[in-house]
Amino acid sequence: MALLYTSVKPTPVLKDELDIVIPTIRNLDFLEMWRPFFEQYHLIIVQDGDPSKVINIPEGFDYELYNRNDINRILGPKASCISFKDSACRCFGYMVSKKKYIFTIDDDCFVAKDPSGKEINALEQHIKNLLSPSTPHFFNTLYDPFRDGADFVRGYPFSMREGAITAVSHGLWLNIPDYDAPTQLVKPLERNSRKFDLSPRYVDAVMTIPKGTLFPMCGMNLAFDRELIGPAMYFGLMGDGQPIGRYDDMWAGWCVKVICDHMGWGVKTGLPYLWHSKASNPFVNLKKEYKGIFWQEEAIPFFQSVTLPKECTSVQQCYLELAKLVREKLGKVDPYFIKLATGMVTWIEAWEELNSVEGTEAKAPTGKNE
């Protein structure tokens, strides 16, 4: 499908309060398609894999580029908590950012179009989601009542209409669906399209995920309030050398949702859409996911049953409590979860250490192509 992109630059919203985090192993030519929407923002690029490989970044973008050598230099022994050869390396970008908000995107995601043919400014929609309240405690049947043209329906309690703070905005995808390997294998030609009646369609909706309900979070089109929920956005230790992969973003989503429920914050899902262009190999994915397919049947009930103590009044406290429970409960399922719990604690220690230090020692090479 040929996609044409606009040359009109929109007025940037929260320009000085938001970083765009991109994990990659390749040249970032895809940024040309996002230029009208991203060029005025600061990018944090986390290069995965071989740190000696030079990746090309189109001119005109303001960015910091980190590779594995930078991660090891900045975090020292605590670098062990950052996955290697895995897009979960992106969470290092969350750690080194100093901005209030984060938008993260994969390098195989492009600008989508709505049913009218208008290009979707995904970043702008995420910001709208984050800056408007959520409704986690009572479901509104018109979905997000804070969207333009929407409102609360009859019977919605007036005492709840102020809503809750939105911590996370979870976007969706057109074209290649975000499937697990078994579903990829049985539906190899499935596409999420706005053109064909036999395929799932573009749905013009944003909704708050109800309190007490988990969801499968995907990291390729995600924005969040870093100041609120950043310390819980750890994508797990699931890269090279680990017995499981492709559950890193979902693990973060389960942890984040439990903590948001505890803190009284909201998580939105729906708009904006991206155009996801590359289907990963289902056989490679199956090898990475195999144990996770079984372990999730233990992990999800675990998260569904977790109750955090009232004494946990910060995200860091909540996350360390979760790490303790993961070690105690899921460690019985497999020793890997003990290792993951250790990584969770190390992540918080590194987050605290790095975010209490201001100075050049925490900085990677910065580029601004002119």
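All values reported here derive from a predicted model rather than from experimental measurement.

1. Concerning the overall build of the protein
In terms of regular secondary structure, the protein is built from 10 helices and 10 strands. The burial tally for the protein puts 55% of its 370 residues in the buried class. Long-range pairs, those at least 24 residues apart, make up 75% of the contacts in the protein between residues at least 6 apart in sequence.

2. Quick word on the UniProt feature "site: Required for activity" (unreviewed entry) in the protein
Taking the numbering used here, the UniProt-annotated feature "site: Required for activity" (unreviewed entry) corresponds to Arg 154 and Arg 161. With respect to the helices and strands, Arg 154 occurs in the loop between helix 4 (122-131) and strand 6 (166-175). Looking at Arg 154, the relative accessible area reads 85%, which means it is exposed. When neighbours within four sequence positions are excluded, Arg 161 is seen to be in contact with Phe 146, Phe 152, Val 153 and Tyr 156. Of note is the side chain of Arg 161, whose polar atom sits 3.0 Å from the backbone oxygen of Tyr 156.

3. Some points on the packing of helix 7 (residues 248-263) against helix 9 (residues 315-329)
Angle between the axes and distance between the axes are the two parameters that describe a pair of packed helices. Close contact between helix 7 and helix 9 brings their axes to 10 Å; oriented N to C, the two are set at 125°. When the axis of helix 7 is compared with that of helix 9, the two are oblique. The way helix 7 lies across helix 9 gives a crossing that is right-handed. Contacts between helix 7 and helix 9 pair Trp 251, Cys 255, Val 258, Ile 259, His 262 and Met 263 from the former with Val 315, Cys 318, Tyr 319, Leu 322 and Val 326 from the latter. When grouped by side-chain class, the residues that make up the contact of helix 7 with helix 9 number 10 nonpolar, 1 polar and no charged.

4. Remarks on the packing of aromatic side chains
On inspection of all chains with the given rule, the structure shows 22 aromatic pairs. Arranged with centres 5.0 Å apart and planes meeting at 80°, the rings of Phe 138 and Tyr 156 form a pair that is edge-to-face. Of the two residues, Phe 138 sits in the loop between helix 4 and strand 6 while Tyr 156 sits in the loop between helix 4 and strand 6, which places them 18 residues apart along the sequence. The class of Phe 138 is partly exposed, set by a relative accessible area of 33%.

5. Examining helix 7
End to end, helix 7 covers 23 Å across 16 residues, agreeing with the expected 22 Å (1.5 Å per residue, within 8%). With 14 of 16 residues buried, helix 7 lies mostly within the body of the structure. Trailing helix 7 by a residue or two, Gly 264 shows a phi angle of about 85°, which is positive.

6. Focus: the pairing of strand 2 (residues 42-47)
Taken across its 6 residues, strand 2 has 6 buried, putting it largely inside the fold. Where burial is concerned, the two faces of strand 2 agree: the one with His 42, Ile 44 and Val 46 and the one with Leu 43, Ile 45 and Gln 47 are both buried. By the bridge criterion, 6 bridges tie strand 1 (residues 18-24) to strand 2 in an arrangement that is parallel. Its bridge partner being in strand 2, Pro 23 is matched across the sheet by Val 46.

7. So, the packing of helix 9 against helix 10 (residues 336-355)
As a packed pair, helix 9 and helix 10 sit with axes 8 Å apart at the nearest point and diverge in direction by 165°. With respect to helix 10, the element helix 9 is oriented roughly antiparallel. Where helix 9 crosses over helix 10, the handedness of that crossing is left-handed. Two secondary-structure elements touch here, helix 9 through Gln 316, Tyr 319, Leu 320, Leu 322, Ala 323, Val 326 and Arg 327 and helix 10 through Phe 337, Ile 338, Ala 341, Thr 342, Met 344, Val 345, Trp 347, Ile 348, Trp 351 and Glu 352. Residues of the contact of helix 9 with helix 10, tallied by class, amount to 13 nonpolar, 2 polar and 2 charged.

8. Some words on unusual backbone geometry
Residue Leu 271 is joined to Pro 272 through a cis peptide bond whose omega torsion reads 10°. Note that Pro 272 resides in strand 9 (residues 266-276). Non-glycine residue Leu 14 carries a positive phi angle of around 55°. Within the element layout of this structure, Leu 14 appears in the segment before strand 1. The exposure class of Leu 14 is buried, given its relative accessible area of 17%. In this model, Lys 85 sits at a positive phi of 55°, which is unusual for a non-glycine residue. Residue position: Lys 85 is located in the loop between helix 2 (68-75) and helix 3 (91-96).

Calculation notes
Within each chain, residues carry numbers counting from 1 in the order of the written sequence. Given that this is a predicted model, residues contribute local features only at a pLDDT of at least 70 and side-chain atom pairs are listed and counted only at 80 or more, while totals for whole chains, interfaces and linings are drawn from all residues. Side-chain descriptors were evaluated using all non-hydrogen atoms of the structure, hydrogens and water having been removed beforehand. By definition, any uninterrupted DSSP run of H or I lasting at least four residues is a helix, any uninterrupted run of E lasting at least two residues is a strand, and each is numbered from the N terminus. In this scheme, a residue with accessible area under 20% of its type's maximum is buried, one over 50% is exposed, and one in between is partly exposed, where area comes from a 1.4 Å probe on protein chains only. Any pair of residues with heavy atoms lying within 4.5 Å of one another is described as a contacting pair. UniProt positions are given in the numbering used here, feature names are shortened, and annotations may be inferred rather than shown by experiment. Any pair of nitrogen or oxygen atoms within 3.5 Å is treated as a polar contact; in protein, a donor-acceptor pairing is required on top of that, and neighbouring residues in sequence qualify only through side-chain atoms on both sides. Between N-to-C directions, angles span 0 to 180 degrees; the directions come from axes that are lines fitted to C-alpha atoms, helices contributing only their stretch in contact. The cut-offs work like this: below 35 degrees is roughly parallel, past 145 is roughly antiparallel, 65 to 115 is roughly perpendicular, and the gaps in between are oblique. Left-handed describes a crossing whose near helix is turned anticlockwise from the far helix by less than a right angle; the clockwise case is right-handed. Throughout this entry, Asp, Glu, Lys and Arg are counted as charged residues, while Ala, Val, Leu, Ile, Met, Phe, Trp, Tyr, Cys and Pro are counted as nonpolar. The remaining residues, Gly among them, count as polar. Ring pairs shown here join Phe, Tyr and Trp side chains whose ring centres sit within 6.5 Å, with only the six-membered ring taken for Trp; geometry is labelled stacked below 30 degrees between planes, edge-to-face above 60, and tilted in between. A helix's residues, less one, multiplied by 1.5 Å, set its expected span. One requirement defines pairing of two strands: DSSP has to find at least two bridges between them.

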